[in-house]
Amino acid sequence: MKPAAFHYHAPKSIEEALALLATYAPDDGRVLAGGQSLVPTMAFRLARPHHLVDINGIEALRRLAVADGRLMIGAGVRHQAFHRPIAEGPLGTLMSRVMRHIAHYPIRTRGTFCGSIAHADPASEWCLVAATLGAEMVAKSARGTRIVAAADYFQGIMTTALEPDELLAEVRLPLLAADTRTGFYEFNRRAGDFAMGMALVTFRVADGVIAEPRVGVGGAETHPRRIAAAEAELAGRVPGADAFRAAGEAAAAAIDPLTDHQTSAEYRRELVAVVTRRALDQAMNP
Ligand SMILES: Cc1cc2nc3c(=O)[nH]c(=O)nc-3n(C[C@H](O)[C@H](O)[C@H](O)COP(=O)(O)OP(=O)(O)OC[C@H]3O[C@@H](n4cnc5c(N)ncnc54)[C@H](O)[C@@H]3O)c2cc1C
């Protein structure tokens with residue numbers, strides 16, 4: 001099928017894009033970034049936006065930089081930018097490891113990091129990164145700029161705190177301390193498919209016990225999130241099989257898993273125990 005007819009706008013500056021969104025968002029105007037989620041849904045006529053505001057020509061949105069202890073990822077930065085570590089230390093390594101699980105190479109050359117965060121598929125790897133590490137989302141509109149914390153941003157299946165006239169201009173991720181251990185484990189049936197369940201963990205080991213644990217689960221519920229019960233099983237404990245199994249079981253018990261065309265809620269709950277444990281194993285034994 002072909003998309004329904006739409007008006008196409010190609011702003012060259014952020015200000016121009018915001019003005020276009022202010023005018024056209026009320027008439028189902030949408031941002032077009034990499035098009036890797038939006039265009040297929042338009043082709044199937046599951047989405048029929050009347051206006052597309054194509055942000056690909058805006059140079060200022062291509063910024064990918066480390067500043068003030070954070071990694072700043074502009075709306076024009078594509079998945080492939082993370083093929084090699086983009087920042088020194090654990091965050092750069094983690095991002096390139098996660099990126100390899102996103103779709104296939106051609107999709108990674110077009111799709112954007114911020115597009116994934118705006119689209120908010122429950123199984124998006126970048127959304128899990130943002131939720132687990134506590135990203136800040138920079139939302140701009142003609143009304144001004146606001147910063148939304150990850151904990152407030154993800155609200156449900158493809159539902160976020162972004163307003164229709166807002167451009168997600170940048171996402172900011174905190175850099176991780178040099179001794180931070182990280183693990184990411186995803187399960188899907190075929191390489192490149194969306195995750196049926198995945199976990200991302202970070203922690204430090206201080207005086208022989210786990211410090212500052214973060215456990216995030218994605219692909220299992222309506223949106224990715226940190227699981228406090230799993231983190232509580234880890235804090236202050238000696239890293240190893242007993243603590244990791246307890247954290248996996250706590251994560252499985254804490255979630256409200258989805259049933260979809262891929263699998264059942266029951267299976268997803270079991271999967272979450274396994275992916276959490278394996279992510280923790282990987283963090284300890286990279
Ligand atoms: C076969 C296939 C497999 C895939 N597998 C995976 C996978 O395993 N994991 C995964 O995470 N993704 C996967 N994807 C999706 C891919 O990662 C997309 O690139 C991503 O979801 C959206 O980014 P985009 O830049 O292409 O956004 P677009 O498709 O251009 O836009 C998506 C939505 O977000 C909005 N939007 C985009 N950017 C902004 C912005 N800056 N501000 C406000 N709104 C914005 C658009 O208006 C639209 O509603 C897959 C896609 C395909 C086709």
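Figured I'd write up the structure that's included with this text. This is a predicted model, so every value here is computed, not measured.

Further remarks concern the overall build of the chain. Per the secondary structure count, the chain includes 10 helices and 14 strands. A globule of 286 residues ought to have a C-alpha radius of gyration of about 19 Å, and the chain, at 19 Å, matches this closely. Seen through its C-alpha atoms, the chain measures out along the principal axes to roughly 60 × 45 × 30 Å. Sorting the 286 residues of the chain into buried and exposed places 51% on the buried side. Within the chain, counting contacts between residues at least 6 apart in sequence, those at least 24 apart form 60% of the total. Each charge class in the chain was averaged separately, 31 positive and 31 negative side chains, and the resulting centres sit 5 Å apart.

Before going further, it helps to examine helix α3 (residues 90-99). In terms of burial, α3 is a largely internal element, 8 of the 10 residues being buried. Every buried residue of α3 is accounted for by Pro 90, Leu 91, Gly 92, Leu 94, Met 95, Ser 96, Val 98 and Met 99.

Let us now look at the sheet that holds strand β5 (residues 70-74). The sheet built from 5 strands is open, its strands ordered β4-β5-β10-β6-β7 with antiparallel pairing. For this open sheet the edge positions go to β4 (64-67) and β7 (144-149), each flanked by a neighbour on one side alone. Geometrically, the sheet is characterised by an average inter-axis angle of 20° between neighbouring strands, direction not taken into account. Note: β4 against β5, 4 bridges, orientation antiparallel. Directly across from Ala 67, in β5, lies its bridge partner Arg 70.

Close to the ligand lie 31 residues, the nearest being Val 31, Gly 35, Leu 38, Thr 112 and Glu 125. At 2.9 Å from an oxygen atom of the ligand is found a main-chain nitrogen or oxygen belonging to Ala 33. Ser 37 is positioned such that a nitrogen or oxygen atom in its side chain is 2.8 Å from an oxygen atom of the ligand. If the ligand stood free it would expose 970 Å²; the protein chains cover 88% of that surface.

The rules behind each value
- Residues numbered from 1 in each chain as written.
- Predicted model: local features only at pLDDT ≥ 70, side-chain atom pairs only at ≥ 80, totals over all residues.
- Heavy atoms only, no water.
- Helix = DSSP H or I, 4+ residues; strand = E, 2+ residues; numbered from the N terminus.
- Rg over C-alpha atoms; globule rule 2.2 N^0.38 Å.
- Buried < 20%, exposed > 50% of the residue type's maximum accessible area, 1.4 Å probe, protein only.
- Contact = heavy atoms within 4.5 Å.
- Lys, Arg positive; Asp, Glu negative; His and termini not counted.
- Charge placed at Lys NZ, Arg CZ, Asp CG, Glu CD.
- Pairing = 2+ DSSP bridges.
- Axes fitted to C-alpha atoms, helices over the stretch in contact; angles between N-to-C directions.
- Near = heavy atom within 4 Å.
- Polar contact = N/O pair within 3.5 Å; in protein donor to acceptor, adjacent residues only side chain to side chain.
- Areas by Shrake-Rupley, 256 points an atom, 1.4 Å probe, with all protein chains shown as cover.

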